[in-house]
Amino acid sequence: MTMTDPIADMLTRVRNANSAGKPTVSMPSSKKLVEIARIMQEEGYVQGYDVIEGEPRATLEIKYGDKKAKTIRGIKRISKPGLRIYAGKDELPRVLGGLGTAIVSTSNGVMTDRDARKKGVGGEVIAYIW
């Protein structure tokens, strides 16, 4: 069975594992999910990630840091399959006044809102993390 929204599934798994205090969480992998995990690692929300090759499909495993240090306070999916949300270079959102991170899918790849502002590109606002 195919999933309608794998990004929302990933964010839900990350949110649930973080609130439960799990050391890792795994999910089916795709290129876009790996890019989102890369951004989460660069911004310091997770400790790391691995792509484990498997027979029917690769698996993405995200590792959290210390159990007591829950760095993710909230994750929200913005652009959904039924309603895509796009922002131009001048309309990119700021999450919690710049304390959080907006993940944006641009023509130059998946990046944070700060990087998109620096490069002067807009795109689809995928999610907010704070």
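The structure under discussion appears in the preceding block.
Residues numbered from 1 in each chain as written. Predicted model: local features only at pLDDT ≥ 70, side-chain atom pairs only at ≥ 80, totals over all residues. Heavy atoms only, no water.

Asks: In this structure, what is going on with a nonpolar patch on the surface? I would like to understand it.
Replies: A cluster of nonpolar residues, Leu96, Leu99 and Trp130, forms a patch on the protein surface that exposes about 340 Å² of accessible area. By the secondary structure assignment, Leu99 is in the loop between strand S5 (86-87) and strand S6 (101-106). (Patch = residues over 30% accessible without salt bridge, like charges linked within 9 Å, V, L, I, M, F, W, Y side chains within 5 Å. Areas by Shrake-Rupley, 256 points an atom, 1.4 Å probe, with all protein chains shown as cover. Salt bridge = Lys/Arg side-chain N within 4 Å of Asp/Glu carboxyl O. Helix = DSSP H or I, 4+ residues; strand = E, 2+ residues; numbered from the N terminus.)

Asks: Where do I start with the environment of Gly48 in this structure?
Replies: As for its position among the elements, Gly48 is in strand S2 (residues 48-52). Taking the C-alpha atoms as reference points, Gly48 and Thr24, 24 residues apart in sequence, are found 9.5 Å from one another. In this structure, Gly48 is in contact with Gln41, Glu61, Ile62 and Lys63, ignoring residues within four places of it in sequence. (Contact = heavy atoms within 4.5 Å.)

Asks: What is the right way to read the sheet that holds S2 from this model?
Replies: Backbone hydrogen bonds are what pair the strands of a sheet, in a parallel or an antiparallel way. One open sheet holds the three strands; their spatial order is S1-S3-S2, and the pairing between them is antiparallel. Each edge of the sheet is formed by a strand with only one pairing partner; in this case those strands are strand S1 (24-28) and S2. Strand-to-strand twist of the sheet, defined as the mean angle between neighbouring strand axes without regard to direction, takes the value 20°. Alignment of S1 against strand S3 (residues 59-63), held across five bridges, turns out to be antiparallel. Across the sheet, the residue bridging to Pro28 is Thr59, located in S3. Helix H1 (residues 6-20) contacts S1 and S3 of the sheet and is inclined by roughly 165° relative to S1. The strands touched by helix H2 (residues 31-42) are S1, S2 and S3; relative to S2, the strand with the most contacts, the crossing angle is about 155°. (Pairing = 2+ DSSP bridges. Axes fitted to C-alpha atoms, helices over the stretch in contact; angles between N-to-C directions.)

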